[in-house]
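Here are the chains, one letter per residue:
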Amino acid sequence: MSGFPGAVLALSADGTVLASNGHLEARLGTSLTGRPLAEALDAPSRVRYQRFLERGDAEDGAPWELVFDTGGHVDLLTFHPVAPRPDGAELPRLWLVEHPRDDQAEPLNAELTALNSELVNAQRALGKERTRLARAVAAAEEARARAEAATRRLEALQEVLAAGLRHLDTEALLQDVVGQTMAAFSADGAVLFMRSDDGQALVEGAAAGVIASPGAAPMEIPVGHPVVGRLLEQGEPQLIDDADVARIVPDAPRLSPLRSLMVAPLLPPPGRGGDAMGVLMVGACSAEGSSEGDLDLLRAMTEPIALAVDRARLFFDERAARERADRALALRDEVLGIVSHDLRNPLSAIFMSARALSRRLSDEHARKPIALIRREADRMNRLIADLLEVSRLETKHLFLEPALHPIGPLLTELCERYAAQGAEGVARLECDPDRVETTIYADRERVMQVLDNLVGNARKFTPPEGVIALEIEADEDLVTFSVHDTGPGIPEADLPHLFDRFWQARKTQRGGAGLGLAIAKGIVEAHGGAISVASVEGRGSCFRFTLPRTAAAYDAGAGGRAGSDPQVQR
């Protein structure tokens, strides 16, 4: 507006000069911006000016005549008041435009028109910006509300997951998750019905809030109930109104305080299959319905609840099965003890009688059946010993007396035993005790039992022209024993079962109860070692097992287990 020939002032509602084009200040010799305009007027003009402001004379378009008196300079000026549109609150309250001379009227009108156009455009732009800002604020509020809802949903799911992980007892688990579910929805009550064993009813498993009644008989709802049956058939969460709640109340009377319910089926975990495990209900005493978002949250909560319930049931079933197995093992051990005692007494009598007969009878024909009696009695005695040994291994009652032993004398004894069994018609045993200088820390008699079993097996299955080789390797902590034979080998399908109790390869069965290798495995593992087999049909087999070389190695293996498990004794 500096190009306008007259003075132009922008005034606030209280008459303060907000802006000026500078022409009036140049004439008066003083600045007016930021000051009340009335300070520059003489007394009569000040009164008229105040009246103009109060009456809003700008509305009728009449000119204002004002006398400016700044001390030493007096000017009478005529102004046209111009008021912006009422909704332009942020614009100046009033414009004063000096009345121009006639030759200046046309430029003034053009200037005023341009000014009004600018004001209108500014007002429109401001309105658009206000609308855009309001929409942005609304969108931000909506996004914040969604984020808060998602946070609450995540927190509720985390609480339910934590409740599921806290318990393995089903009753405590159900009570905890029902409480967490009710808290997540700020509900008045919640109840979890579980399907009965016969599948025909839903039985109250846990309840919270107004539904809970400690000591009361559990509520039961038939699976075929019109409302609940529909839910189970559809398999999706539903909102149940006051009318449907009333239809359920006769079967579940403690639901009567509720006026609205969210109900969701408890579906089996993926891969488990079968019918719904139960129904979760969350309700309010008012008739206000829940939202679709609440249903989505309830659906999400039923998944970890179902997993937790299934986990608790599996744990209970596994514990019950273990208890049954323990009872069966205890009964078996009792029977074995009785049988072994009752069998060993007559076997001892048979063995002693056969020995006495063999001494008194000189007839060769009589000696052969007596020798057969003694062999079979001895075999029966070993079978009883093996059964008791397996029982001790399974219950970890194997008694070990580990000590440091040189391996050379142990191998010498093994070779002498092998030779004493007769060298005619059997495979040759290759073993050089004098070259073995290392030691083992183990129970010597138990180790000899393992070697007797492995070499004895190799002897049974290796042809007379074959070879059985015993090799020893040692490192800092372990000694590895290897028993090789040139027998027919073992079928690949039989290898995984060799160390199982009572297992025998059908094609190579040659007597025995199938306990020798199982006992050997138990003895080796009780020392902290390992046993394995490798075989190729037609090329023989190789059994390997390891034992600790020193007391420190034993303590790090079997000794460490013995220290924490009193059933394995040192």
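Please read all numbers here as calculations on a predicted model, not as lab measurements.

*Asks:* For the overall build of the protein chain, give the residues involved together with the corresponding values.
*Replies:* A tally of regular secondary structure across the protein chain gives 13 helices and 18 strands. Looking at the protein chain as a whole, 40% of its 570 residues are labelled buried. When contacts within the protein chain are restricted to residue pairs at least 6 apart in sequence, those whose partners lie at least 24 apart make up 59%. Carbon together with sulfur atoms contributes 53% to the accessible area of the protein chain, which is approximately 31,300 Å² in total.

*Asks:* Can you explain the sheet that holds strand β7 (residues 201–209)? Please cite residues and give values.
*Replies:* As a general point, the strands of a sheet are linked pairwise by backbone hydrogen bonds and lie either parallel or antiparallel. Here six strands make up an open sheet; going across it, the order is β8-β7-β6-β11-β10-β9 and the pairing antiparallel. At either margin of the open sheet sits one strand with a lone partner, and together these are β8 (220–222) and β9 (238–240). When the angles between neighbouring strand axes are averaged without regard to direction, this sheet yields 25°. Helix-sheet contacts for helix α4 (residues 170–184) involve β6 (189–195), β7 and β11 (278–284), and the interaxial angle to β7 is about 60°.

*Asks:* Give me the environment of H167: which residues, what numbers.
*Replies:* In this fold, H167 is placed in the loop between α3 (105–166) and α4. Separated by 145 residues in the primary sequence, H167 and A312 place their C-alpha atoms 7.6 Å from one another. Once you skip the residues sitting within four places of it in the chain, H167 turns out to touch A172, L173, D176 and R311.

*Asks:* Tell me about the confidence of the model for the protein chain, and please be specific about residues and values.
*Replies:* Taken residue by residue, the protein chain gives an average pLDDT of 80. The fraction at 70 or more is 82%. Across the protein chain, the element-wise mean pLDDT spans from 45 in helix α13 (residues 558–564) up to 95 in strand β18 (residues 540–548).

*Asks:* Provide a residue-level description of the nonpolar core, including the pertinent values.
*Replies:* Of all hydrophobic cores here, the largest spans 42 residues; its most connected members are I440, L451, F481, F543 and F545. Those elements that place two or more of their residues in this core are α9 (407–420), β14 (439–442), α10 (444–461), β15 (467–474), β16 (478–485), α11 (516–526), β17 (531–536) and β18. Of the residues forming this core, the biggest block, seven residues, is contributed by α10. When neighbours within four sequence positions are excluded, F545 is seen to be in contact with V450, L451, L454, V479, T480, F481, V524, A530 and I531. Of all hydrophobic cores here, the second largest spans 32 residues; its members include V177, L266, L295 and A300.

*Asks:* Which residues make up the state of the cysteines, and what values do they have?
*Replies:* Two cysteines, two sulfur atoms, one covalent bond between them: this is a disulfide. Per the stated rule, a full pass over the model turns up zero disulfides. Here C431 stays unpaired: no disulfide links it, and the sulfur of C415, its closest cysteine neighbor, is 3.5 Å away.

*Asks:* Now, about the packing of α9 against α10: what can you tell me, with residues and values included?
*Replies:* Taken N-terminus to C-terminus, the directions of α9 and α10 make an angle of 40°; their axes are 11 Å apart at the nearest point. Judged on the interaxial angle alone, α10 and α9 are oblique. The way α9 lies across α10 gives a crossing that is right-handed. Taken together, the residues of α10 that come into contact with α9 (itself represented by P409, L410, L411, E413, L414, R417 and Y418) are R444, V447, M448, L451, D452, V455 and R459. Looking at side-chain class alone, the contact of α9 with α10 contains nine nonpolar, no polar and five charged residues.

*Asks:* Break down the sheet that holds strand β13 (residues 428–430) for me, with residues and values.
*Replies:* Pairing is mixed across the open sheet formed by five strands, whose spatial order is β13-β15-β16-β18-β17. The sheet terminates laterally at β13 and β17, the two strands that pair on one side only. When strand polarity is set aside, the average angle formed by the axes of neighbouring strands in this sheet is 15°. Strands β13, β15 and β16 of the sheet are contacted by α9, whose axis makes an angle of about 170° with β15.

*Asks:* I'd love a proper account of the side chain of S196, names of residues and values included.
*Replies:* Within the fold, S196 resides in the loop between β6 and β7. Given the relative accessible area of 18%, S196 is considered buried. At 3.4 Å, the side chain of S196 and the backbone nitrogen of Q200 are in polar contact. Apart from residues no more than four positions distant in its own chain, S196 is found in contact with A201 and V203.

*Asks:* Describe in detail the pattern of salt bridges, supporting the description with residues and values.
*Replies:* For the structure on display, the rule yields 16 salt bridges. The salt bridge partner of E204 is R254, with a shortest N-O separation of 2.5 Å. Of this pair, E204 sits in strand β7 while R254 sits in the loop between α6 (242–248) and β10 (260–266), placing them 50 residues apart in sequence. The exposure class of E204 is buried, given its relative accessible area of 16%. On the basis of relative accessibility, which here comes to 16%, the residue R254 falls in the buried class. Between R417 and E413 there is a salt bridge, and its shortest N-O distance comes to 2.9 Å. With R417 and E413 both in helix α9 and four residues apart, the pair spans about one turn of that helix.

Cut-offs applied
- Sequence order as written defines the numbering, with residues in each chain counted from 1.
- At least 70 in pLDDT is required for a residue's local features to be given in this predicted model, at least 80 for side-chain atom pairs to be given and counted, and no such filter applies to totals for whole chains, interfaces and linings, which use all residues.
- Based on all heavy atoms of the structure, the side-chain values leave hydrogens and waters out of the count.
- Secondary structure elements follow DSSP: runs of H or I no shorter than four residues count as helices, runs of E no shorter than two count as strands, and numbering proceeds from the N terminus.
- Buried residues are those whose accessible area, probed at 1.4 Å on protein chains only, stays under 20% of the maximum for their type, while exposed residues exceed 50% and partly exposed ones sit between those limits.
- The criterion used for residue contact is that any of the two residues' heavy atoms lie within 4.5 Å.
- Only the protein chains shown count as covering a residue, and every accessible area follows the Shrake-Rupley method with a 1.4 Å probe.
- Two strands pair if DSSP finds at least two bridges between them.
- The axes are straight lines fitted to the C-alpha atoms, using for helices just the contacting stretch, and the angles between their N-to-C directions are given from 0 to 180°.
- Confidence of the predictor at the level of single residues is captured by pLDDT, which takes values from 0 to 100.
- Throughout this description, the term nonpolar core refers to a set of buried Ala, Val, Leu, Ile, Met, Phe, Trp, Tyr and Cys residues connected via side-chain atoms within 4.5 Å.
- Note on disulfides: each one is a pair of cysteine sulfur atoms within 2.5 Å.
- Oblique is the label for any angle not under 35 degrees, not over 145, and not in the 65 to 115 range, which are roughly parallel, roughly antiparallel and roughly perpendicular in turn.
- Each helix crossing is assigned a hand: it is left-handed if the near helix lies turned anticlockwise from the far helix by less than a right angle, otherwise right-handed if that turn is clockwise.
- As a working rule, the residues Ala, Val, Leu, Ile, Met, Phe, Trp, Tyr, Cys and Pro are called nonpolar, Asp, Glu, Lys and Arg charged, and the rest polar, with Gly in that last group.
- Identification of polar contacts relies on pairs of N or O atoms within 3.5 Å, with a donor-acceptor requirement for protein atoms, meaning one able to donate a hydrogen and the other able to accept it, and with residues adjacent in sequence counted only if both atoms are side-chain atoms.
- One side-chain nitrogen of Lys or Arg within 4 Å of one carboxyl oxygen of Asp or Glu is enough to make a salt bridge.

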